[in-house]
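Notes for the structure review
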Amino acid sequence: MKSKIELYLGDCKKELMKIPDNSVDLIITSPPYADQRKSTYGGVKINEYVDWFLPISKELLRVLKPTGTFVLNIKEKVVNGERSTYVMELILAMRKQGWLWTEEFIWHKKNCFPGKWSNRFRDAWERLLQFNKNKKFNMYQDAVKIPIGDWAKSRLKNLSETDKIRYNAKNGSGFGKNVSNWIGKNTVYPTNVVHLSTECNSKNHSAAFPKELPEWFIRLFTQENDTVLDPFAGSGTTIEVANKMNRNAIGIEIISEYYYDMKRQFYESKCDSLKKRAKDEKAETARCYSIC
Ligand SMILES: C[S@@+](CC[C@H](N)C(=O)[O-])C[C@H]1O[C@@H](n2cnc3c(N)ncnc32)[C@H](O)[C@@H]1O
């Protein structure tokens, strides 16, 4: 089956209404953070953020399949010496709206901004909040396994007797391990910390995802021919990656410059026969094309 791309120009609050109920497998997105990047694409006020986002998340809840996942990249900034609490307020409000707040992944930004402050250190992480409609959702954990690492060679060479049985932690946490279980394994499951550099290449967007970020979550939560949605598509990183991974992709972007950049990017890099169709296209909010 061919994977499709659908792009919409406009406010996602409205454009989402064009997407059918229960049709999306993964939503991964980074909306404007409160009070940030005002000069590039507006910026929602901190005390208005939850009210602004809830009608959007209501639509996201409608379009997501019962087995699907929503990953929200967000981070609160410091105001008057304190971290603002709007993200926490948003989580609570979304739970009331019907979402389960299943997990919080951390995006460790390996190349965070340099700087020195008297009361805090450099900010090297952002939140990747995972929301679901149900406790049971699709998750393909084997797709994100990582190499076991060099430690295994020496550690597993000479095992003691206690390494061969389950050893329970002495602090009463209930955690335990049997080191011998690692013998013969080349890969292991990752943690909920994703270590990636921020995007600093030539994209015409000030807050583009590194490609590896959507890629990791697309591998974890979808299979080929599933559908991935980014309602704040920006430069279209999610769309590009999803398409390369043979997933259908839907992107919504409010700024026409970014929307047309995306359109050009996918349309030029893909099928020549579509060029004419895109040129002739009049309705800018319409579904634009499928990739052949
Ligand atoms: C943080 S950026 C997303 C960047 C994207 N992840 C990428 O890789 O390029 C957020 C984007 O959301 C867009 N945006 C802001 N409000 C929007 C709205 N109501 N509907 C759709 N897009 C919106 C902004 O123009 C901006 O491009």
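Quick caveat: nothing in here was measured; it's all calculated off a predicted structure. (Residues numbered from 1 in each chain as written. Predicted model: local features only at pLDDT ≥ 70, side-chain atom pairs only at ≥ 80, totals over all residues.)

Structural notes on the nonpolar core
- Among the nonpolar cores identified, the biggest contains 54 residues, and Leu26, Ile27 and Phe217 are the most heavily contacted of them.
- Considering every element that reaches this core, the biggest residue donor is helix H6 (residues 212–221), with six residues.
- Excluding residues within four positions of it along the chain, leucine 26 makes contact with Gly68, Thr69, Phe217, Ile218, Phe221, Thr222, Asp226 and Val228. (Core = buried A, V, L, I, M, F, W, Y, C linked by C-beta atoms within 7 Å. Buried ≥ 20, exposed ≤ 12 C-beta atoms within 10 Å, placed from the backbone. Helix = DSSP H or I, 4+ residues; strand = E, 2+ residues; numbered from the N terminus. Contact = placed C-beta atoms within 7 Å.)

Considerations on the sheet that holds strand E1 (residues 5–9)
- Strand order in the open sheet formed by eight strands is E1-E14-E13-E2-E3-E7-E6-E12, with mixed pairing between adjacent strands. Of all the strands in the sheet, the pair left with one neighbour each is E1 and strand E12 (193–196). Between one strand axis and the next, the sheet turns by 20 degrees as a mean value, whatever way the strands run.
- Taken strand by strand, helix H3 (residues 49–63) contacts strand E2 (24–29), strand E3 (64–74) and strand E13 (227–230), and its axis lies near 145 degrees from that of E3. (Pairing = 2+ DSSP bridges. Axes fitted to C-alpha atoms, helices over the stretch in contact; angles between N-to-C directions.)

What to know about helix H7 (residues 237–244)
- With seven of eight residues buried, H7 is to be regarded as a mostly interior element.
- The complete set of buried residues in H7 reads Thr237, Thr238, Ile239, Glu240, Val241, Ala242 and Asn243.
- Asparagine 246 lies just past H7 and shows a positive phi near 60 degrees.

What about the environment of asparagine 181?
- Its place among the elements puts asparagine 181 in the loop between strand E10 (176–177) and strand E11 (187–188).
- In this structure, the C-alpha to C-alpha distance between asparagine 181 and arginine 166, residues 15 residues apart in sequence, is 9.4 Å.

What to know about unusual backbone geometry
- Positive phi, close to 50 degrees, is recorded for asparagine 22, a residue that is not glycine.
- Locating asparagine 22 in the fold gives a position in the loop between helix H1 (12–15) and E2.
- Classification of asparagine 22 by C-beta neighbours within 10 Å gives exposed; the count is 12.

A short note on the packing of H3 against helix H4 (residues 86–97)
- As a packed pair, H3 and H4 sit with axes 10 Å apart at the nearest point and diverge in direction by 40 degrees. Judged by the inter-axis angle, H3 sits oblique to H4. Crossing angle aside, the handedness with which H3 passes H4 is right-handed. In contact with Tyr49, Val50, Phe53, Leu54, Ser57, Lys58 and Leu61 of H3, H4 contributes Tyr86, Glu89, Leu90, Ala93, Met94 and Gln97.
- For the contact of H3 with H4, the per-class residue count stands at nine nonpolar, two polar and two charged. (Parallel < 35°, antiparallel > 145°, perpendicular 65-115°, else oblique. Left-handed = near helix turned anticlockwise from the far one by under 90°. Nonpolar A, V, L, I, M, F, W, Y, C, P; charged D, E, K, R; others polar.)

Considering H3
- Along its 15 residues, H3 runs 22 Å from first to last C-alpha, staying within 8% of the 21 Å computed at 1.5 Å per residue.
- At proline 55, H3 is deflected by roughly 25 degrees, the largest bend along its length.
- For H3, the full list of buried residues reads Tyr49, Phe53, Ser57, Leu60 and Val63.
- Those residues of H3 hidden inside the fold are in contact with E2, E3, H4 and E13. (Expected span 1.5 Å × (residues − 1). Bend = angle between axes of the 7 residues up to and from the residue.)

A closer look at the packing of H6 against H7
- Interaxial distance between H6 and H7 falls to 9 Å at its minimum, and their mutual angle equals 50 degrees. By the angle class used here, H6 and H7 are oblique. Every pair of crossing elements has a handedness; the one defined by H6 and H7 is right-handed. Between H6, through Pro214, Glu215 and Ile218, and H7, the contact on the second element is made entirely by Thr237, Thr238, Val241 and Ala242.
- Partitioned by chemical class, the residues of the contact of H6 with H7 number four nonpolar, two polar and one charged.

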